[in-house]
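Examining the three-dimensional arrangement
Spelled out, the chains give:
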Amino acid sequence: MARPYSIAVDLGGTHIRAALFLSQDTTPVRRTRGLTPQTPDQTAILEALARAIQDLIPPDADLANISIAVGTPGPVDPFLGLVLSAPNIPSWHALPLRDWLLSRFAATIHIANDANLAALGELSYGAGQGATDLVYLTIGTGIGGGVITAGRLLLGSRGLGAELGHVTVDPSGPQCGCGRNGHLEALASGPAIAREARARLAAGASSSLSQTYRSDPLAITTERIAEAARQGDAFSRTLVADISTLLARFIADCLALFSPQRVILGGGVMGLGELLIAPIREGVTHYAMAAAYVEQLTICAAQLGDDAGLLGGLALCLNPSLQPSSPAS
Ligand SMILES: [Zn+2]
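Read on for a plain summary of the structure. (Residues numbered from 1 in each chain as written. Predicted model: local features only at pLDDT ≥ 70, side-chain atom pairs only at ≥ 80, totals over all residues. Heavy atoms only, no water.)

**What to know about the overall build of the protein**
As a reminder of what qualifies: Here a helix means four or more residues in a row that DSSP labels H or I, a strand means two or more in a row labelled E, and each is numbered from the N terminus. Exposure categories follow from relative accessible area, calculated using a 1.4 Å probe and restricted to protein chains: below 20% of the type maximum is buried, above 50% is exposed, and the middle band is partly exposed. The positive count covers Lys and Arg only, the negative count covers Asp and Glu only, and His and the chain ends enter neither. Charge positions are represented by NZ for Lys, CZ for Arg, CG for Asp and CD for Glu.
In terms of helices and strands, the protein carries 11 helices and 13 strands. For the protein, the spread of C-alpha atoms along the three principal axes comes to 65 × 50 × 35 Å. Each of the 329 residues in the protein was classed as buried or not, and the buried ones make up 51%. The protein carries 21 positive and 27 negative side-chain charges, and their two centres are separated by 2 Å.

Here it is in structure tokens:
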């Protein structure tokens, strides 16, 4: 039975964003955004999370009629409701988040990886509507992923799938945020693209960005690179082409693994838009193992922006079976 109220929370390293939804309505009744406490004290972050939820509970609501979905970064065991680690919240290790929240709120509580929730958001209300099998990649400060197969999240035995940003694409590549080397995130996230641009400029490459680089290397961002590429800067165009090749190879691998109907690309780096997506489409056709993988495939931009996770939380509250509750379910 559908719960009348849903509360979705997107717990990030910088912000805690939350929204209250009534029934199936995707326009939140109310939404809040607060800062994630920057402290090693895990209780402080838990208390901030609890406050964000408490602030959204309607005074006349019965907790038994409220579902809460919390998305957190990093590996999450959604079956047990454990946050195994959170990249931007170092004090969280094997944290029993669901049990802690249940001690505060006698509601139905779902814990999920944030990118998995965003994948559910796009599936239910965004670029994935009507699809049953899709791969979602969010490319921003990091790279997150979610795989939907037969209409549900693909989670695996411990619920840790699918961390697409932490697949090794170049063993000799730079160190990833997770500590390993050459993961997709270490090569194609926003900071990785900016770092590569700075390295090429430091090596003497000529670009309309050279002056900016000399005065402030940290001003070289994906936004600046996109702007320069749009204005015809050959250096920036080459860099974007190199990133699109890398992503196209990776997506072709995803086709071989998951055979999706759609690949949905979100996150801040997708501000590059067609500048990045068009060559990715071409590249995927080139790298796919066989034409059949791309014949009915759509590669497109995500539609929900920063709200994908919150709307994914709503989708999960309304339809818990979107996320398997155990390996066998
Ligand atoms: Zn990694």
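Back to the text.
**Topic: the coordination of the zinc ion**
Using the following cut-off: The donor set covers N, O and S atoms within 2.8 Å of the metal, switching to 3.2 Å for Na, K and Ca, and it leaves out water, so a site may look short of donors. When four donors show all angles between 85 and 135 degrees the site is tetrahedral, when four or six donors have opposite pairs over 155 degrees and all other angles between 65 and 115 it is square planar or octahedral respectively, and in every other case it is irregular.
Around the zinc ion, the protein supplies H166 (ND1), C176 (SG), C178 (SG) and H183 (ND1) as donor atoms, at distances of 2.0 to 2.3 Å. One can describe the site at the zinc ion as tetrahedral: its four donor atoms subtend angles covering 96 to 119° at the metal. Look at where the donors of the zinc ion fall in the sequence and you get H-x9-C-x1-C-x4-H.

**Overview of the sheet that holds strand 11 (residues 152–153)**
Rules: Paired strands, as defined in this entry, are two strands with at least two bridges between them according to DSSP. We call two residues in contact when some of their heavy atoms are within 4.5 Å. A fitted line through C-alpha atoms serves as each axis, taken over the contacting stretch for helices, and the angle formed by two N-to-C directions is quoted from 0 to 180°.
The five strands lie next to each other as 11-10-9-12-13, forming an open sheet whose pairing is mixed. In this open sheet, the two strands that pair with only one neighbour each are strand 11 and strand 13 (298–301). In this fold helix 8 (residues 234–258) packs onto strand 9 (134–139), strand 10 (143–149) and strand 12 (262–266), with an angle of close to 150° to the strand it touches most, strand 9.

**Let's talk about helix 11 (residues 308–318)**
Along helix 11, 11 of the 11 residues are buried, which leaves the element largely enclosed by surrounding structure. Listing the buried residues of helix 11 in full gives A308, G309, L310, L311, G312, G313, L314, A315, L316, C317 and L318.

**Overview of the sheet that holds strand 6 (residues 82–86)**
One key point about sheets: their strands pair by backbone hydrogen bonds, in either a parallel or an antiparallel sense. The three strands lie next to each other as 5-6-7, forming an open sheet whose pairing is antiparallel. Among the strands making up the open sheet, the edge pair consists of strand 5 (76–77) and strand 7 (89–95). Bridging between strand 5 and strand 6 involves two bridges; their strand directions are antiparallel. Within the sheet, the bridge partner assigned to D77 lies in strand 6 and is L82.

**Some details on the nonpolar core**
Threshold: Within this scheme, the nonpolar core is defined by two criteria: the residues are buried Ala, Val, Leu, Ile, Met, Phe, Trp, Tyr or Cys, and they are joined through side-chain atoms within 4.5 Å.
In this structure, L265, L276 and V284 are the most contacted members of the largest nonpolar core, which totals 42 residues. Residue assignment for this core shows that the elements contributing at least two residues are strand 9, strand 10, helix 4 (184–188), helix 5 (190–202), helix 7 (222–230), helix 8, strand 12 and helix 9 (274–287). Counting residues per element, this core draws most heavily on helix 8, at 10 residues. Setting aside residues no more than four positions away along its own chain, L265 makes contact with L137, I251, M270, I277, I280, I299, C300, A301 and A302.

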